[in-house]
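Given next are the chains, with one letter for each unit.
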Amino acid sequence: MKRVLIALLLSFLTLRSAKATDFATEMLGATFKFFHPDSTSTCVLVRREADPALYLVTCAHTLERTKGDTATLVLRQAEEDGSYSRHDHTITIRRGEQALWTRHAKEDVAVLKLEGELPVKVAGLPESALLDEAGLRASGVHLCSPLFVLTFPERFEANGAGFPVARQGIFASPPLLPEKSHPTFLGDFTTFAGDSGGPVFIPGEGDHPRVAGIVIGQHHHEIKTTSAFEESTVKLPLGMGIILHASFVRETLAAAAAAAPK
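As the structure is a prediction and not an experimental result, all values here were calculated from the model.

(A) Structural context of the overall build of the protein chain. Secondary structure summary: the protein chain contains five helices and 16 strands in total. Summarising its shape, the C-alpha atoms of the protein chain cover approximately 90 × 45 × 40 Å along the three principal directions. For the protein chain, the computed accessible surface area is about 14,000 Å², with 56% contributed by carbon and sulfur atoms.

In structure tokens form, the structure reads like this:
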């Protein structure tokens, strides 16, 4: 009887260990703040199969607005006592006038291959987590399906260690296919500066995340007021984020790998 109880206890502990990482926690482990005084974005670190390098994925417009040769990647280190420490790591994004990232030919996404080891170990999100058209169809998502997003709205961090903020929404428009004809769809959540590049994801098989796209912008309504002495324009957010399909991230990832020196 004692042996049976011990076996049951070990099985329970093994099951708990196997379920220690859920789809959101796994996504959290690959999502980071990427900033410069000129521009701030959210980024995802991705690994390709048979490629040991990490690739930084974010919006092209945030990199293009960043002046100078470097930007800062905010990493997090898990400590033995369960706490986390913050590590601001400098990343080279240009050499002179030459941009080191690869931009998609048409869409607002860029990928930067990271050189060398990071000061903090990052597993990275597998490329297979980025949904292509077949994966999106198989996922069964549709209008009003739930979605999740991790970002840094208005540079805001969840805590001193630099964690992103999680929010929940729905597909505010259907993710139409083919993606070449319909490159973006809408999410029912308010977006802010700093959200650009943030992953929009859903739970997938085995409780792993599946990325449907990245945040690239927002919709707003302009109210213009004119008087004898003043003209003003107020922009009101409509609470809808613009999301670029993850297939374009995959395309840019492949282009960045091909362009990188061997």
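(B) Just unusual backbone geometry, in detail. Here Leu 177 and Pro 178 are connected by a cis peptide whose omega angle stands at 0°. Counting through the fold element by element, Pro 178 comes out in the loop between strand 12 (165-170) and strand 13 (184-187). With a phi close to 80°, Cys 144 is a non-glycine residue in the positive phi region. Mapped onto the elements of the fold, Cys 144 is located in the loop between helix 4 (133-139) and strand 11 (146-151). Positive phi is not limited to glycine here, since Asp 207 has a value of about 60°.

(C) Focus on the side chain of Ser 39. Summarising the element assignment, Ser 39 is placed in strand 2 (residues 39-47). On the accessibility criterion, Ser 39 (10% relative accessible area) is buried. Polar contacts involving the side chain of Ser 39 include one to the main-chain carbonyl oxygen of Thr 62, which spans 3.5 Å. In this view, Ser 39 contacts Phe 34, Thr 62, Arg 65, Thr 66 and Arg 155; residues no more than four positions away in its chain are not counted.

(D) Spotlight on the side chain of Glu 127. Tracing the chain through its elements places Glu 127 in the loop between strand 10 (125-126) and helix 4. With residues up to four places along the chain from it excluded, the contact list for Glu 127 reads Val 46, Arg 47, Arg 48, Glu 49, Arg 250 and Leu 253.

(E) Structural context of the pattern of salt bridges. Evaluated as defined, the whole model comprises nine salt bridges. Here Glu 157 and Lys 33 are joined by a salt bridge, their closest N and O atoms 2.9 Å apart. Here Glu 157, found in the loop between strand 11 and strand 12, pairs with Lys 33, found in strand 1 (residues 31-36); they are 124 residues apart in sequence, far enough to count as distant. Residue Glu 157 shares its accessibility class with Lys 33, and that shared class is buried.

Quick notes on the rules
- Residues numbered from 1 in each chain as written.
- Predicted model: local features only at pLDDT ≥ 70, side-chain atom pairs only at ≥ 80, totals over all residues.
- Heavy atoms only, no water.
- Helix = DSSP H or I, 4+ residues; strand = E, 2+ residues; numbered from the N terminus.
- Areas by Shrake-Rupley, 256 points an atom, 1.4 Å probe, with all protein chains shown as cover.
- Buried < 20%, exposed > 50% of the residue type's maximum accessible area, 1.4 Å probe, protein only.
- Polar contact = N/O pair within 3.5 Å; in protein donor to acceptor, adjacent residues only side chain to side chain.
- Contact = heavy atoms within 4.5 Å.
- Salt bridge = Lys/Arg side-chain N within 4 Å of Asp/Glu carboxyl O.

Keep in mind that these numbers describe shape and distance, not what the molecule does.
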